[in-house]
Structures are given as structure tokens and as C-alpha cells.
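Observations on the model geometry
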Amino acid sequence: MSTPVVLDPMTLPSDDNVNPYTFCVELKGSQWFLQKGKMIAYYGSMDFQGIGHGRLDRLVRTSFHSPLHASDWVVAEGSGKMLLADRAFDVNSFDLEEGNLTIRSGNLLAFQPSLALKQSIVPGFLTLIGTGKFVAASNGPVVFMEPPIRVDPQALVGWADCPSPCHHYDHGYLTGVMGGIRALTGIGGASGEEHQFEFVGAGTVLLQSSETLMPEQATGAAPQEPGVPGGGGPGGQGAPRLPGQLGDLQRRFGL
Amino acid sequence: MLAVSLAGDAVKAKNGSMVAYDGQVAFKKMSGGGEGIRGMVTRRLTGEQMTVMEVKGHGTCFLADRASEINLVQLQHDTLYVESSNLLCTDAGLRTGTSFTGLRGASQGNGLFTTTVEGTGQAAIVSDGPAVVLRVSPQYPLSVDPGAYIAHQGNVSQSFQSGVNFRTFMGEGSGESFQIRFEGDGLVYVQPSERNTIGGEV
């Protein structure tokens, strides 16, 4: 146990980590988007505005494209230094340069308005596009991986620049009558690792070093339209079932 | 985890925080925080109860509380203001008491009163994640989220700052509507996590 370092506005880092759990943002008349309730302290004069109509309308229009969860975000503006933290989780900053990054909604903490935030097609994920800095929280340090890779759904934090994440099932383990019983009941031993996300192509995959999920942040529902994943619109039924077909159960048991 | 070496002297620690010890150490529960009848009554009235034990003897005693981080604070004729739930252990030479906090306590959701630790010696406070120590000086006042505040020391005055406007009531609140503003000269301890507070909802 050493005596803690005493920090003041002179010694606080600028746009960098204070310790693995706390991040310091320096504002010089600029603006940052942050998730509600993640600011723990600040020096200087700062103003926190909920996103809605008003004088921030123009900023929101250019760099915030998820009107459906605008109420979870605030804009900080002013000058001074601000400390961000999230439930004592690890916090890290990342730089994007003319890139795109998709991240689990609960993990994103703050970002510069030079980035544009959009809802991802994948439900529960958000995409950042552009150039700038953003801050993300994770349970345990973040690990960067290169595709092709298969990852555990709970360990996935996000991915950058790589297309087509898809589901992968250990097929041999899950087909046939026995496989169906195993998967449904766990009898006969399920390893808990029969299902992964698969990434191919060029890019980076971000993983956290634990399988504890961060509580999900609502991203808002997708528009109710046919063809929108998670939209819940009609038209997803496919062809009508033929008489004698058992449907999902039949497929599950490989009949 | 905090290791306390004892050579015949004593410390006051939160009841039940001992996880291991070696040597000859005795534990004695102190009713009312060891502050006498008056202290006991004040604590009961103010809701800042803490159950404290006296740890005395020769040897090393290990203290811990729910795997949270422990921060040591060195006091020299100084007063530390800390929530009783965040105080783990103090030197026997330090006096503890209660004081009124006003609106800050109300916004944190842990009562209108707080615990003071006075004198010269060391105290240990617990936090969710390692605490960040921030200096408050006359030219640099500091604003802190009530949910992240754990303790402060020195000659600091605190005031309550609210950014509530009509938009808060229209459901467009910023979530950062309440802050405690510290002015003067001293240190403020902040944890990288927020308790659930009434203030954090609006």
C-alpha cells in the first residue's frame, strides 16, 4: 500500500487514463458525448446538456444518428478536465481514423463529436464512423485479435473494419437425435461452447478477458419494417408450413 | 487487503473485517463506535451507526471488506470526512465523531450526516475501485458527482450545485444535474464507480 498520488488540474493527464479504471478528458471549449451518469468529477466550468431539441440540435444532427436512444446520452461542453469512470470496470480510449467500429452498447462510455454514432444492424450494438477518440469500458483488459477468428458471445466487445460477423455452431455436436437432446437438456454433457461468433475478412476484433457481460444499454428498437433485423415486422414467416411438418422441433432433431 | 502490524498498540476496525491474523491479537467489540454514551446516542439518532471492534495485541492482522479497494489516508492534526460505510479502520489515537452534511448527504442517498475522523495517524477507507485523490485549491474548485464521492479532508467548504431546469422535468435531464462543489484547500477522494443515487436519475 503506497500513499496515493494527489492529482490536480496541472498533473491530470489530458485525454488519457488516470488509472486503469478512470479516464480524464480535457475540454477546451470543445464538446464530448458521454453516457449519462459516467462523469465522476471535474475541474473548471462545464455544462451538461441532455440531448434533445435546442441549441445542440445541429451538433446532434451531424454526429448522432440514433434518435431512439438519445435520452441516454449527454453532451459535455466548456473548459476544464473531467474524469469518467464506469462501475469500476476497466476503461480504455481508442483512436479511429477514417474508420468504423461496432461496439456493444453497454461498453461505450464517451466519444468525440467528430465521430458519428449510429445504430448497428446487429441488435444491441452501436457503430461509430469517422475520425476521433472514444472511450470504452470492459470487464478486464481488452484484447485485440485478427480475423479469421471465432469468439465466445459473452467475451465480444466489438469489432473494427471487418465485415460479416456470423453465428457458428459446432455442427457435429449438435445434429442428430442425441445432439438435440444434449443441446436442449444438457444431459450427456454440454460444454457451453457450442456456439460462437465467427469473423472473417480484414480488421480487428475486440475481446474482453472475462465472460461477464456489461449490463446492456437500451439502443432503442429498430424501425418496424419488413427486412429490418429485430424490427419485428411481418413478412419473416417464410413459406407456409406443409401439413405433417413439425417445424422447428423437426429441424432441431435433424429429422 | 490491509495488513496492520501491531506492537502492543490498538486500532479500531469495522466489525467483522478481519480475514486473518498471526501472533497474539485480541478483538473486542466497541459499542457505539467507542465514542462513549453521547457518541452512541448521536450515532443512533443520525443513522451513522457503525459497529467497530478494537484490535489489540502483538502481531499482524489482515483486514478486508468485500474485495473492495483500500486507500490509506495520513492525517496530521487534520479532519477526514468519510461515510461510515466507507471507513475500514483507524488508528486508536484518532477521534471519530459525526457531523452534519446538509443537502449533499441527501443527494447521495446515505443520510444527512457523515463521520469525521480527527487527529494524527492513519485511517483506511474502502472504495469500489482504486480511489482518485484530487486536490482542491482556491484557484481550482472541484465538482464531484455525489455517487462517486467517498471522502474529503482539509479545510474545504462544500456547496450543492444543481443544474435542474425545465428540461429535466420534460424527461430530457442530463443525468448530471447534481454535483457537490468543493472550494478551499484540501483533498477529495473519488471512486471510479457510482452508487445509485436519487441525483443520478434526473
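Small disclaimer: the values here were computed from a predicted structure and weren't measured. (Residues numbered from 1 in each chain as written. Chains lettered and ligands numbered in written order. Predicted model: local features only at pLDDT ≥ 70, side-chain atom pairs only at ≥ 80, totals over all residues.)

**Concerning the overall build of chain B**
As a reminder of what qualifies: A run of H or I in DSSP becomes a helix once it reaches four residues, and a run of E becomes a strand once it reaches two; helices and strands are each numbered from the N terminus. Residues are called buried when their C-beta atom has 20 or more other C-beta atoms within 10 Å, exposed when it has 12 or fewer, and partly exposed otherwise; all C-beta atoms are positioned from the backbone. With C-beta atoms placed from the backbone, a contact is any residue pair whose C-beta atoms sit within 7 Å.
Counting secondary structure elements, chain B contains four helices and eleven strands. With 202 residues in all, chain B has 44% of them scored as buried. Taking all contacts inside chain B whose residues are at least 6 apart in sequence as the whole, residues at least 24 apart take part in 80%.

**Observations concerning the overall build of chain A**
Each helix and strand counted, chain A has four helices and 15 strands in total. Each of the 255 residues in chain A was classed as buried or not, and the buried ones make up 32%.

**Examining the environment of A:Arg87**
All names here are of chain A. By secondary structure assignment, the location of arginine 87 is in the loop between β5 (73-84) and β6 (90-104). Look at arginine 87 and you get partly exposed, because 15 C-beta atoms sit within 10 Å. Separated by 50 residues in sequence, arginine 87 and alanine 137 place their C-alpha atoms 9.2 Å apart.

**With respect to the domain arrangement of chain A**
All names here are of chain A. Applicable threshold: Domains are outlined according to an automatic or database domain assignment. Each residue gets one of three labels, nonpolar for Ala, Val, Leu, Ile, Met, Phe, Trp, Tyr, Cys and Pro, charged for Asp, Glu, Lys and Arg, and polar for the others, Gly among them.
Taken domain by domain, chain A comprises domain 1 (12-138) and domain 2 (139-213 + 248-252). Elements supplying a minimum of two residues to the side of domain 1 that touches domain 2: β6 and β9 (125-138). It is β6 that provides the largest number of residues to the side of domain 1 that touches domain 2, a total of eight residues. Taken together, the residues of the side of domain 1 that touches domain 2 sort by class into four nonpolar, six polar and two charged.

**Describing unusual backbone geometry**
Residue A:Pro148 is bonded to the preceding A:Pro147 through a cis peptide linkage, with omega at 0°. Examined against the element boundaries, A:Pro148 turns out to sit in the loop between β10 (142-145) and β11 (149-151). The residue A:Glu98 is not glycine, and still its phi comes out positive at about 50°. The class of A:Glu98 is exposed, set by 7 C-beta atoms lying within 10 Å. Phi angles above zero are rare outside glycine, and B:His77 is one such case at about 45°. By the secondary structure assignment, B:His77 is in strand β4 (residues 69-82). We classify B:His77 as exposed; it has 7 C-beta atoms within 10 Å.

**Topic: the pairing of strand β15 (residues 204-208) of chain A**
Residue and element names in this part refer to chain A. Rule in force here: Two strands are said to pair when DSSP picks up at least two bridges between them.
Burial analysis of β15 places four of its five residues in the buried class, the great majority of the element. Where β10 lies against β15, four bridges are found, and the strand directions are antiparallel. Residue pairing across strands places valine 143 opposite leucine 207, the latter belonging to β15. Relative to β15, strand β12 (residues 156-160) runs antiparallel, the two sharing four bridges. Considered in β15, the bridge of leucine 156 is made with leucine 207.

**Some points on the sheet that holds β11(A)**
Residues and elements named next belong to chain A. Inclusion rule: Orientation is described by axes fitted as lines to C-alpha atoms, over the contacting stretch for helices, and by angles from 0 to 180 degrees between their N-to-C directions.
The three strands lie next to each other as β11-β14-β13, forming an open sheet whose pairing is antiparallel. Taken across any chain shown, the strands that pair with only one partner, and hence form the sheet edges, are β11 and β13 (165-169). Shown here is a sheet whose adjacent strand axes are inclined to one another by a mean of 35°, direction ignored. Here five bridges tie β13 to strand β14 (residues 195-199), and the two strands are oriented antiparallel to one another. Across the sheet, residue proline 165 finds its bridge partner in β14, namely phenylalanine 199.

**Some points on the nonpolar core**
Soluble globular proteins tend to bury their nonpolar side chains together. Filter applied, for reference: Think of a nonpolar core as buried Ala, Val, Leu, Ile, Met, Phe, Trp, Tyr and Cys residues chained together by C-beta atoms that fall within 7 Å.
Grouped together as the largest cluster of nonpolar side chains are 92 residues, with contacts concentrated most on A:Leu83, A:Leu84, B:Ile125 and B:Val190. Two domains each provide a minimum of three residues to this core, namely domain 1 (12-138) and domain 2 (139-213 + 248-252) of chain A. The contacts of A:Leu83, once residues within four sequence positions are left out, are A:Val18, A:Thr22, A:Cys24, A:Ile40, A:Ala41, A:Tyr42, B:Val132 and B:Val190.

**Brief notes about the environment of A:Ala76**
Residues and elements named next belong to chain A. Turning to its location among the elements, alanine 76 is positioned in strand β5. We classify alanine 76 as buried; it has 23 C-beta atoms within 10 Å. As a C-alpha pair, alanine 76 and threonine 102 span 26 residues in sequence and 23 Å in three-dimensional space. Discounting residues that sit within four places of it in the chain, alanine 76 has contacts with Leu27, Gln31, Trp32, Leu34, Met39, Met46, Phe48 and Met82.

**With respect to the pairing of β9(A)**
Residues and elements named next belong to chain A. Pairing of β6 with β9 involves 13 bridges; the strand directions are antiparallel. Residue pairing across strands places arginine 104 opposite phenylalanine 125, the latter belonging to β9. With three bridges connecting them, strand β7 (residues 108-111) and β9 associate as antiparallel partners. Counted as the bridge partner of alanine 110 is valine 135 from β9. Following strand β8 (residues 115-119), the chain reverses through five residues before pairing antiparallel with β9; glycine 124 in that reversal takes a positive phi of roughly 85°.

**Some thoughts on the environment of B:Thr120**
Residue and element names in this part refer to chain B. Looking at the secondary structure, you find threonine 120 in strand β7 (residues 113-127). Residue class for threonine 120 comes out exposed when judged on the 12 C-beta atoms lying within 10 Å of it. Here the alpha-carbon distance between threonine 120 and proline 138, two residues 18 residues apart in the chain, equals 25 Å. Aside from chain neighbours lying at most four places away, what touches threonine 120 is Leu75, Gln76, His77 and Gly93.

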